[in-house]
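Report on the structure
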Amino acid sequence: MNPVSSLARRVCLTAAAITVASAVAGAQQIRAVATFDSAAIAWTDGSYVEALTQLDRLLAAPGGDALRDSVALLTGELYRTTEIAPDGSNARWSADGRRILIDAGIGKPRATTVLGAPSGAATVPQTIAGAFGAVVSPGGGRIAFLIVEEDAELRAARAQLDSLLSGTDGRAMNEQRGRIAALERARTSVVERAFDSGRDRRFQAPDEVIPPLVYGPDGSSLYAIARQGMTVDVFALSESTAPRNVSQRSGPRSGLQALSGGKLMYMTGPRAFAILDPATGHEQPFDGMVPSLSADGSAVVYVAIKGDTNSVNVVRLDSVTTSTAFAFTTDPISRPAMGADGHTIVFQQMPDHDWELYVVNRDTARQRRLTREIQHDLFPRWVSNDRVLSVLGESRHRRSYLLDPNTGERTRLFHNNLVRTVSMEYEWVPSPDGSKVLIVAERDGNTISPERGVYMVDLTQKVGLSDLRQRVGAMLATETQLRERGKAMFQPIEAAVRDVVANVSVARIYDAARVVYGFGSKYITQPGNRQAIEFYERKLREYGYEPELQWFEPRPGVRTANVIATLRGTVNPELLYVVSSHFDSVEGGPGADDNSSGSTALLEAARVLAGHPQPATIVFAFFTGEEAGLLGSREYVRRSVAAGAKLVGALNNDMVGWSGDARYDNTIRYSNDGLRDLQHAAAIGFTDLITYDARYYKSTDAHAYYEAYGDIVSGIGSYPILSNPHYHQSHDILATISHRLVGEVSKTTVASLMLMASSPSRITGITVASRSGSEARVEWTASPENGIRSYEVTYGPADEAPRRTLTSTEPRVTLTGVAAGWVVRIRAVSDRGTSGWDWARADIK
C-alpha cells in the first residue's frame, strides 16, 4: 500500500521497466514491459486477481527476471527482510555495528537482548533480565546497563498494582505506579558486563540515574545524567569512587549522547541544548532544538528560532563557540541531519499543511525542495551519501522509504508482502555503515496485541526471483479465496443488496455534509454540537424514524446528546446490530473528515435502509463527544448494558472521506475476523471501494463496544489509517473531501449491515464436554435467531485448514478421529441459506 499517488507510482515503476527494456533489446522484453504496465494499472484499480495473474505469468516467462525489481516494489518489499525478534522496542546498533540491542516490548518486564549483527562477533542472543538504558562500549567488548534489583517489597507492590488494574479506580492505579517507580529508583544499579568473560562490575551511582548511559570515546569513561539530592547534573561513574559531577551548573537535562573529541551533548530545555567538555567542565549553551550529530561526527546540526525566522544551524566540534546558519524561513522546520560528506543537510519544512523534506548545501547555501507529497514526510536521516531514509504518514501509520537526495525518487523500504493488510511501523535505525536498517513494526497489522516485531532490512540484498514468484503466487491464492468466500457469503441475498445499495446518493451525502460544515466546530462545548444534534434528528424523522436523543451531562454545565434511530427487525427484533459514527469535531476545527464524513455516510445508509427492514434490528447511532474522550459511545453502551440489550455485532466508521489520490480506498478497522472478511466482500461485490484491513479499535468509539461486548466490532476508517494531514487541524475542511469516496463507504456499510442482520450471529457457550481417545463431544448454546436450519462444524489441527466438515441440526456433536491440539469451529446456517458471519471455536486438549 504505497501512499504516494498511485498513478505516479505506476508511472515511476513503468519508467524503470522501460529503462530495463531499452537495455535488454528485443520484442520479448518490450512485451514484458507492456504486461507489467497492464498489471500495474489493474493493481491501481484494485483488480488484484487480474494484476497478480499477469505478474505470475510475467515472472515465469523468459525475460521476466529483468522486471524483478519493478514487480517486487509493486507487490511489497524489494530488499530482503528478516525478523530478528518477535517482540521488542528501542532497537539500536552498537557504535561498531557488530551488535544489536533490543529492549523488552511494551508492557513486558524490563530486559535487554543483545544479538550479533551479520558478520559480528556475538551470534547467540544474550538476554539480560531487568536491564534497561544499555549501551555497548566503543570497542564492542563490554555493555553497561541499569538494572532494578527485585525484592519482596517491590514484588508485593507490583502484585498490588495488578489487582488494581482489574478495577476502575484510576487514581489508586496512578498512586501505586508512583510507589513502584520510587521503589525502583531506590533499587537501581549501574552494571558493566564483559562479553567474553561475563564478568560484572558494579558502578557507584547517584540517587537516580536517568537513562541512557553513555560511554566516552576512550571506551573506559561512563557518563549519565542523574539526580543527586535536589539537583540534576552530568556525572562520571566509576567502580571504585563516588560519582563525579562533571558539569558546572545544575538544571534540567535529558537525552545525553556522546560526541567526538570526548564531548557530551544534552537538552537543557524544549528549545535549548548544551555541549559539555567533561574534562574541563565547560558547558557551551545553544538556543536550538532537535540537535543531531553529523554522519561523519565532525559537527552538530540543529534548528534555531530567532523572532519569526527559523534556520538550520551547524556548529563544528573543533570550535563549539560559534555556529553557522542556513535555510532561513518563516515556515516551521525540524529534524535536520547532515550527511557523511559534511556538505549536505536534509531537514523537514512545513510550507503549507504537511511536512516536506528539503536539502541545503553548506558550501553554496543553496536550498531546494526534495519531496512534494500530500502526507507528512518525516524524520530524515542519511543512510549513505546517495540515500536518505525518511518516513511518511501520521503517527498511527507511518511507512519508511529511501529517497535519492538529488532526484527525490522514492523507494519503499518495508512491507509485509500482503495485498490487503496494513503494516504499521514505529522505529527506524540505520546501521553505522548504512547497509542495513532495523525496523520495529506490527507487520501482521495487529495493533490490539502489544507485541511489535523487530526486523532487519538488508540493503545489500534484493529478493530473488524464486522468492518473488512464491510471494505473487501466495497473494493470488489468498485474494482469490477472499473473493470466492465473499461471493458465497452474499449469494442468498445478493439481489436484494444490489437493489438497496443502488439508491445511495452522493449528491445527498454532499448536501448533508455542506449543512453540518456550516455549523463550524461541533465539539461538545460549541454551538455547532447542538445544531448537529438537531440536524440529524430532523433528517432521521424525514426518513421515517422516531429518533431517540440520549441527553447526558459529561461536564458540569455541558449537555450533549447521542442521536439514535432504530430499524426494527422482522424476525429477530431483540437482536441488535449497531452502526455508528461520531458527529462531533475537535474544538478548533470543523471536522469535515473527522468525522462529518463518517456521520453523513451513516445518515445516507439510514435513509436507503429505511424502507427495507432486515431480520434483526439495526440501530443507527450518531455519537457525540468522541473527541472529548469517547463520551457518547460509552454513554450509549452504558445504557445498552443496563437495559440488557442483546447487541451481537457493531460497525463504527470514522474518517472515511479524505483521499490522497484518485483511488477510492479505505481501511477496515476490525477486531473480528469474520466481520473483516464480510466487509471486504461487501466492498468487492457491491461498490468501487478498495478495502484494506488492520486489527484496530483502540482510541475510537469501537473501543466502547469492545469493552462491554467483546470481539464483535468492525468498521471503516481513513486509509491508510490517519494519512490525512488535516487530521485534528483547523484546515480539515469540506474542500478536502471526496464525497464519491464517502458514498462508496456508505454502500459498503449498507451491504455489510444487510448481511449481518440476515445471518446468524456468532454462537456462544462452545465447550468440549468430554473426550475419550480419538472421540470428543462438543456442545454449544443454541443460536438465538429464529429459523436456524443447521450448524456447520469443521475441525483439524490448529495450524492447518480444517480436515473434516460435518453438519448437525442440534447444538451438540460427537467428533471422531480427533487429536490433542486440534481446533473445532462452528457456525449456524439459517433457513435463508446465510451462514454465521463468524466461527466460534474451541481447543481440543
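Residues numbered from 1 in each chain as written. Predicted model: local features only at pLDDT ≥ 70, side-chain atom pairs only at ≥ 80, totals over all residues. Heavy atoms only, no water.

1. Brief notes about the overall build of the chain
If you tally the helices and strands in the chain, you get 15 helices and 48 strands. Relative to the globule expectation of 28 Å for 845 residues, the C-alpha radius of gyration of the chain, 30 Å, shows essentially globular dimensions. Across its three principal directions, the C-alpha atoms of the chain cover 85 × 75 × 65 Å. By sequence separation, contacts in the chain at least 24 residues apart represent 60% of the contacts at least 6 residues apart. Accessible surface, the chain: about 33,600 Å² in total, of which carbon and sulfur atoms supply 49%. (Helix = DSSP H or I, 4+ residues; strand = E, 2+ residues; numbered from the N terminus. Rg over C-alpha atoms; globule rule 2.2 N^0.38 Å. Contact = heavy atoms within 4.5 Å. Areas by Shrake-Rupley, 256 points an atom, 1.4 Å probe, with all protein chains shown as cover.)

2. Quick notes on the packing of aromatic side chains
Throughout the structure, instances matching the rule amount to 19 aromatic pairs. A centroid spacing of 6.2 Å and a plane angle of 40 degrees characterise the contact between Phe 379 and Trp 428, whose relative ring orientation is tilted. One end of the pair, Phe 379, is in strand β26 (residues 377-384); the other, Trp 428, is in strand β30 (residues 424-430), and 49 residues separate them in sequence. Per residue, the accessibility class of Phe 379 equals that of Trp 428, and both read buried. For the ring pair Tyr 697 and Tyr 706, a centre distance of 4.1 Å and an interplane angle of 15 degrees mean the geometry is stacked. What makes Tyr 706 partly exposed here is its relative accessible area of 27%. Following the ring pairs from residue to residue traces out a cluster consisting of Phe 519, Phe 535, Tyr 536, Phe 583 and Phe 622. (Phe/Tyr/Trp six-rings, centres within 6.5 Å; stacked < 30°, edge-to-face > 60°. Buried < 20%, exposed > 50% of the residue type's maximum accessible area, 1.4 Å probe, protein only.)

3. A short note on the packing of helix α12 (residues 631-642) against helix α14 (residues 702-709)
Orientation of α12 relative to α14, taken along the N-to-C sense of each, is 25 degrees, at an axis distance of 8 Å. The angle between α12 and α14 places the two elements in the roughly parallel class. Here α12 runs over α14; the crossing is right-handed. Between α12 and α14, the residues in contact are Ser 633, Arg 634, Tyr 636, Val 637, Ser 640 and Val 641 and Ala 704, Tyr 705, Glu 707, Ala 708 and Tyr 709, respectively. Each residue belonging to the contact of α12 with α14 can be placed in one class, and the counts come to seven nonpolar, two polar and two charged. (Axes fitted to C-alpha atoms, helices over the stretch in contact; angles between N-to-C directions. Parallel < 35°, antiparallel > 145°, perpendicular 65-115°, else oblique. Left-handed = near helix turned anticlockwise from the far one by under 90°. Nonpolar A, V, L, I, M, F, W, Y, C, P; charged D, E, K, R; others polar.)

4. Notes on the pattern of salt bridges
Summed over the entire model, instances satisfying the criterion amount to 50 salt bridges. Note that Arg 68 is salt-bridged to Asp 65, the shortest N-O span being 3.8 Å. Judged by its relative accessible area of 24%, Arg 68 falls in the partly exposed class. Judged by relative accessible area, which is 39%, Asp 65 ranks as partly exposed. Salt bridges here are not isolated pairs; linked through shared partners, they connect Arg 110, Glu 150, Arg 158 and Glu 184. (Salt bridge = Lys/Arg side-chain N within 4 Å of Asp/Glu carboxyl O.)

5. Regarding the side chain of Glu 425
Along the chain, Glu 425 falls in strand β30. Buried and unpaired, Glu 425 has no salt bridge, with Arg 399 as the nearest side chain of opposite charge at 6.5 Å. A polar side-chain atom of Glu 425 sits 2.7 Å from a polar atom in the side chain of Ser 400. Separated by 2.8 Å, the side chains of Glu 425 and Trp 428 make a polar contact. Beyond its immediate stretch of four places on either side in the chain, Glu 425 contacts Arg 398, Arg 399, Ser 400, Phe 414, Ile 439, Val 440 and Ala 441. (Lys, Arg positive; Asp, Glu negative; His and termini not counted. Polar contact = N/O pair within 3.5 Å; in protein donor to acceptor, adjacent residues only side chain to side chain.)

6. A few points about helix α13 (residues 673-686)
A rise of 1.5 Å per residue sets the reference length of α13, with its 14 residues, at 20 Å; its end C-alpha atoms lie 20 Å apart and thus fit the reference within 8%. Counting buried positions over the 14 residues of α13 gives 11, a clear majority of the element. The complete set of buried residues in α13 reads Gly 674, Leu 675, Arg 676, Asp 677, Leu 678, Gln 679, His 680, Ala 681, Ala 682, Ala 683 and Phe 686. Its side-chain oxygen at 2.8 Å from the backbone nitrogen of Gly 674, Asn 672 defines the N-terminal cap of α13. (Expected span 1.5 Å × (residues − 1).)

7. Re the sheet that holds strand β10 (residues 208-215)
Spatially, the four strands line up as an open sheet ordered β10-β11-β12-β13, and their pairing is antiparallel. A single partner strand is all that each edge strand has here, and the edge strands are β10 and β13 (244-245). The sheet contact formed by strand β11 (residues 222-228) and strand β12 (residues 231-237) spans seven bridges and is antiparallel. Bridge pairing links Tyr 223 to Ala 236 in β12. (Pairing = 2+ DSSP bridges.)

8. What to know about the nonpolar core
Core analysis: the biggest nonpolar cluster contains 62 residues, and Phe 490, Tyr 536, Leu 609, Phe 620 and Phe 622 have the highest contact counts within it. The biggest single contributor to this core is helix α15 (residues 739-758), with 10 residues. Residues Ala 40, Leu 74, Val 391 and Met 424 belong to the second largest nonpolar core, which totals 53 residues. (Core = buried A, V, L, I, M, F, W, Y, C linked by side-chain atoms within 4.5 Å.)

9. Examining the environment of Gly 520
Position of Gly 520 among the secondary structure elements: in the loop between α9 (506-517) and α10 (527-542). Gly 520 gets classed as partly exposed once you look at its relative accessible area, which sits at 23%. Separated by 71 residues in sequence, Gly 520 and Gly 591 place their C-alpha atoms 8.1 Å apart. Sequence-distant contacts of Gly 520, that is, excluding residues within four places in its chain, are made with Ser 585 and Pro 590.

10. A closer look at the sheet that holds strand β9 (residues 200-203)
The four strands lie next to each other as β6-β7-β8-β9, forming an open sheet whose pairing is antiparallel. Where the open sheet ends on each side, the last strands, each with one partner, are β6 (131-136) and β9. Here the average twist between neighbouring strands, direction ignored, is 25 degrees. In the sheet, β6 pairs with strand β7 (residues 142-148) via four bridges, with the strands oriented antiparallel. Paired with Ala 131 across the strands is Ile 147, a residue of β7.

11. Some points on the packing of helix α2 (residues 27-44) against helix α4 (residues 68-75)
At a minimum axis separation of 11 Å, α2 and α4 run at an interaxial angle of 5 degrees. Taken together, the axes of α2 and α4 are roughly parallel relative to one another. Across from Phe 36, Ala 40 and Trp 43 in α2, the residues of α4 making contact are Ser 70, Val 71, Leu 74 and Thr 75. For the contact of α2 with α4, the per-class residue count stands at five nonpolar, two polar and no charged.

12. Side note on unusual backbone geometry
Here the amide bond leading from Pro 211 into Pro 212 is cis, since omega sits at 10 degrees, within 30 degrees of zero. Turning to its location among the elements, Pro 212 is positioned in strand β10. Residue Asp 594 is joined to Asn 595 through a cis peptide bond whose omega torsion reads 10 degrees. With respect to the helices, strands and loops of the structure, Asn 595 is situated in helix α11 (residues 592-609). Located in the positive-phi region is Val 290, a residue other than glycine, with phi close to 40 degrees.

13. Side note on the side chain of Glu 442
Along the chain, Glu 442 falls in strand β31 (residues 436-442). Only 2.5 Å separates the side chain of Glu 442 from the side chain of Tyr 426, close enough to count as a polar contact. For Glu 442, the residues in contact, after removing those within four places along its chain, are Val 422, Ser 423, Met 424, Tyr 426, Thr 447, Ser 449, Glu 451 and Arg 452.

14. Topic: the pairing of β12
Most of β12 is tucked away: six of the seven residues are buried. The hairpin turn running from β11 into β12, its antiparallel successor, is two residues long, and Gly 229 in that turn takes a positive phi close to 70 degrees. For β12 and β13, the ladder comprises two bridges, and the chain directions are antiparallel. Looking across to β13, one finds that Ala 236 is bridged to Arg 244. Once β12 ends, the chain turns through six residues before running back antiparallel as β13.

15. Here we look at the confidence of the model for the chain
Per-residue confidence for the chain averages 91 on the pLDDT scale, and 96% of its residues sit at or above 70. The low-confidence segment residues 1-8, where pLDDT is below 50, has 26 contacts with residues more than four positions distant or belonging to other chains. (pLDDT = per-residue confidence, 0-100.)

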